[in-house]
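Topology and contacts: notes
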Amino acid sequence: MAATGFGTMPVRGHAQLILTRSRLIRHTSTSQKTWDWTNRPTTGDAARDEVAQLAASPRRPLTLADLLRHGRPPLSKDALLASANFTLSLLPARLASRIQALRNLPFIVVSNPYVSKIYQNYRHSLSTLLPYQQRRITTLEEENQFGEVLADLVQTHTNTIPILARGFLECRKYVSPADVTRFLDTHLRARIGTRLIAEQHLALHFASQPVNDEPPGRSKPSSSKEAVPSNYIGVIDTALQPARIIRLCEDFVGEICELKYGVRPRLVIGGEPEASFAHIPVHVEYIITELLKNAFRATIESGNEREPIEVTIAAAPDVPGKEPPVAGDADIGFQLDANDEAYSTEAMGASKSSSQSITIRIRDRGGGIPPEVLPHIWSYSFTTFSDVDFNSENGNLDALNTISSSGGHLSSIAGLGYGLPLSRAYAEYFGGSIAVQSLWGWGTDVYLTLKGVGKVD
Ligand code: ADP
Ligand code: MG
């Protein structure tokens, strides 16, 4: 199980992502030696003004066309440089806007060591990008260095979620849960976009270069073209089959259940298991893992582990002329630009049969959600889980300890209270949704709708 660039997301089974990660780590480990300009000598008011100016600069929502405009890897030199410069045109303003938002938190919150750590991470990342703002990236060598900067950026922010979660838990006396949820929802949605931008260029970068520095003992592909499945464009899998991801996540969550409870419920997949669409595997994997954790936990804790979790997959028929989804805030959402040819089915290389949207219903016999709990399930940090095994007074801080001691990925069945709200943020990012229907006393149905990111009529 590998922690990925997407924070707490477990990723297995995606050759490209694993490849990316192994190279990420290598790049990061060498990065300090090769840079001499990462810390700008701008401090105090000057830096503050620079951040404020950048944060105030106009931004438009990210579009799918943005992610696809440079084409299918391996990219030509010009396309790779264009992708690097384009990435550079998007990231600084977005990072600056997060820095501003953190600064606007009550002082007692920003002073918390964990929240402050995140603030410093953002400042550091912005400072590594600023030197590039003055000049364009014009050579492959510069592009390589920029790749290292991006890899460092992705790595630096990997553990943001557990760290922020800890910070806000410690500050819960000073801020209302509604304010925390509002801040985190904006922040974590913006983070989805920032990471997507950085990881897309990194994926294109790695997929466009010959792999000639593989560690010994590994089979050595002559080019990354062979290592990356042809249906990938950067981080987008144009033929993603949710049923495959559900099976991977079932394995992972099943293992956690065996460790924690000594049992593993069964999962059956019905409906249209062959359905496929273009989507971002790490996003789908994050959501499914969280929803399965909830379903498995409820099933076991209600003593119904013999009842299978029923997953039904339905591919929605395409609706011609339907308006593409548009997110309200330039920083937090994604917009499909209906006039852009770049993401037509053909351009994406998706098969004609791939769907525009897929709904997955996860049905458990875990007893449902108590009516008094229901109003809180979308709040960050709300959980009904408390790990008695740890026998500690810390409540959900134990879930966080489990996370950090396991190297950054979420290996606890529950306890952070981020599963549902963050899954909804991921689903909504590309115009999807999550709806929870509880049949109290019986079980829960969760309807996850994901819009295929590669097909618009
Ligand atoms: P966590 O799982 O860390 O507690 P989540 O955001 O995933 O956080 O879920 C919040 C709460 O919603 C859970 O603690 C649980 O009480 C309730 N819940 C979510 N899904 C289910 C489900 N399928 N069955 C019963 N309760 C659920
Ligand atoms: Mg959960």
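Structure: see above.
Here's what I pulled together on the structure shown here. (Residues numbered from 1 in each chain as written. Chains lettered and ligands numbered in written order. Predicted model: local features only at pLDDT ≥ 70, side-chain atom pairs only at ≥ 80, totals over all residues. Heavy atoms only, no water.)

1. Let's talk about the pairing of strand E5 (residues 236-240)
Among the five residues of E5, four are classified as buried, and the element is accordingly described as predominantly covered. With two bridges connecting them, strand E4 (residues 232-233) and E5 associate as antiparallel partners. Looking across to E5, one finds that Ile233 is bridged to Ile236. Following E4, the chain reverses through two residues before pairing antiparallel with E5; Gly234 in that reversal takes a positive phi of roughly 60°. Pairing between E5 and strand E7 (residues 277-279): two bridges, direction antiparallel. Paired with Asp237 across the bridge in E7 is His279. (Buried < 20%, exposed > 50% of the residue type's maximum accessible area, 1.4 Å probe, protein only. Helix = DSSP H or I, 4+ residues; strand = E, 2+ residues; numbered from the N terminus. Pairing = 2+ DSSP bridges.)

2. Section: the environment of Leu90
Positionally, Leu90 belongs in helix H4 (residues 77-103). When the C-alpha positions of Leu90 and Arg60 are compared, they lie 9.3 Å apart, and in sequence the two are 30 residues distant. Non-local contacts of Leu90, meaning those with residues more than four positions away in its chain, are made with Leu62 and Ile197. (Contact = heavy atoms within 4.5 Å.)

3. Here's the deal with the packing of H4 against helix H9 (residues 177-207)
Where H4 contacts H9, the axes come no closer than 10 Å and their chain directions differ by 160°. When the interaxial angle is binned, H4 and H9 end up roughly antiparallel. Crossing of H4 against H9: the hand is left-handed. Mapping the contact onto sequence places Leu80, Ser83, Ala84, Thr87, Leu90, Leu91, Arg94, Leu95, Arg98, Ala101 and Leu102 in H4 and Phe183, Thr186, His187, Ala190, Thr194, Ile197, Ala198, His201, Leu204 and His205 in H9. Taken together, the residues that form the contact of H4 with H9 break down as twelve nonpolar, seven polar and two charged. (Axes fitted to C-alpha atoms, helices over the stretch in contact; angles between N-to-C directions. Parallel < 35°, antiparallel > 145°, perpendicular 65-115°, else oblique. Left-handed = near helix turned anticlockwise from the far one by under 90°. Nonpolar A, V, L, I, M, F, W, Y, C, P; charged D, E, K, R; others polar.)

4. A look at the packing of H4 against helix H6 (residues 113-133)
Look at H4 against H6: their axes get within 9 Å of each other, and the N-to-C directions meet at 150°. Considering the angle they form, H4 stands roughly antiparallel to H6. Helix-helix and strand crossings are classified by hand; for H4 and H6 the assignment is left-handed. Note on element contacts: H6 touches H4 through Val115, Ile118, Tyr119, Tyr122, Arg123, Ser125, Leu126, Leu129, Tyr132 and Gln133, opposite Leu88, Leu91, Pro92, Leu95, Ala96, Arg98, Ile99, Leu102 and Arg103. For the contact of H4 with H6, the class distribution of residues is 14 nonpolar, two polar and three charged.

5. Remarks on the pattern of salt bridges
The tally for this structure, following the rule as stated, stands at eleven salt bridges. Residue Glu250 is joined to Arg247 by a salt bridge in which the shortest nitrogen-to-oxygen separation is 2.6 Å. Placement of both Glu250 and Arg247 in helix H11 (residues 242-261) is noted, with a separation of three residues, approximately one turn of the helix. On the accessibility criterion, Arg247 (37% relative accessible area) is partly exposed. Close ionic contact of Glu301 with Arg297 constitutes a salt bridge, the shortest N to O distance being 3.3 Å. Here Glu301 and its partner Arg297 are both found in helix H12 (residues 281-301), four residues apart, which amounts to about one turn of the helix. The structure contains a network of salt bridges with shared partners spanning Asp185, Arg189 and Glu428. (Salt bridge = Lys/Arg side-chain N within 4 Å of Asp/Glu carboxyl O.)

6. A closer look at the sheet that holds E7
Read across the sheet, three strands follow the order E4-E5-E7 without closing on themselves; strand pairing throughout is antiparallel. This sheet does not close on itself; its edge strands, each paired only once, are E4 and E7. Together, E4, E5 and E7 form the strand contacts of H12, whose direction differs from that of E5 by roughly 70°.

7. A few points about the nonpolar core
One finds Leu184, Ile236, Ile288, Val311, Ile313, Ile360 and Leu448 to be the most contacted residues of the largest nonpolar core, which totals 109 residues. Excluding its chain neighbours within four sequence positions, the residues that come into contact with Val311 are Ile246, Leu267, Val268, Ile269, Gly270, Ile360, Arg361 and Ile362. (Core = buried A, V, L, I, M, F, W, Y, C linked by side-chain atoms within 4.5 Å.)

8. Focus on the site of ligand 1
Around ligand 1 sit 18 residues in total, of which Asp364, Thr383, Thr384, Gly415 and Gly417 are the nearest. Thr383 has a polar side-chain atom sitting 2.4 Å from an oxygen atom of ligand 1. Within the backbone of Gly415, a nitrogen or oxygen atom sits 2.8 Å from an oxygen atom of ligand 1. When ligand 1 is considered free in solution it has 530 Å² of accessible area, and contact with the protein chains removes 93% of it. Those elements that place two or more of their residues in the shell around ligand 1 are H12 and helix H15 (419-429). (Near = heavy atom within 4 Å. Polar contact = N/O pair within 3.5 Å; in protein donor to acceptor, adjacent residues only side chain to side chain. Areas by Shrake-Rupley, 256 points an atom, 1.4 Å probe, with all protein chains shown as cover.)

9. Points about the sheet that holds strand E6 (residues 267-271)
The five strands are arranged E6-E8-E10-E12-E11 in an open sheet whose pairing can be described as mixed. In this open sheet, the two strands that pair with only one neighbour each are E6 and strand E11 (433-439). Neighbour-to-neighbour, the strand axes of the sheet open up by a mean angle of 15°, direction not taken into account. Pairing analysis gives five bridges linking E6 to strand E8 (residues 309-316), with the strands arranged parallel. The residue of E8 that forms the bridge with Gly271 is Ile313. Contacting E11 and strand E12 (443-451), H15 crosses the sheet at an angle of about 140° to E11.

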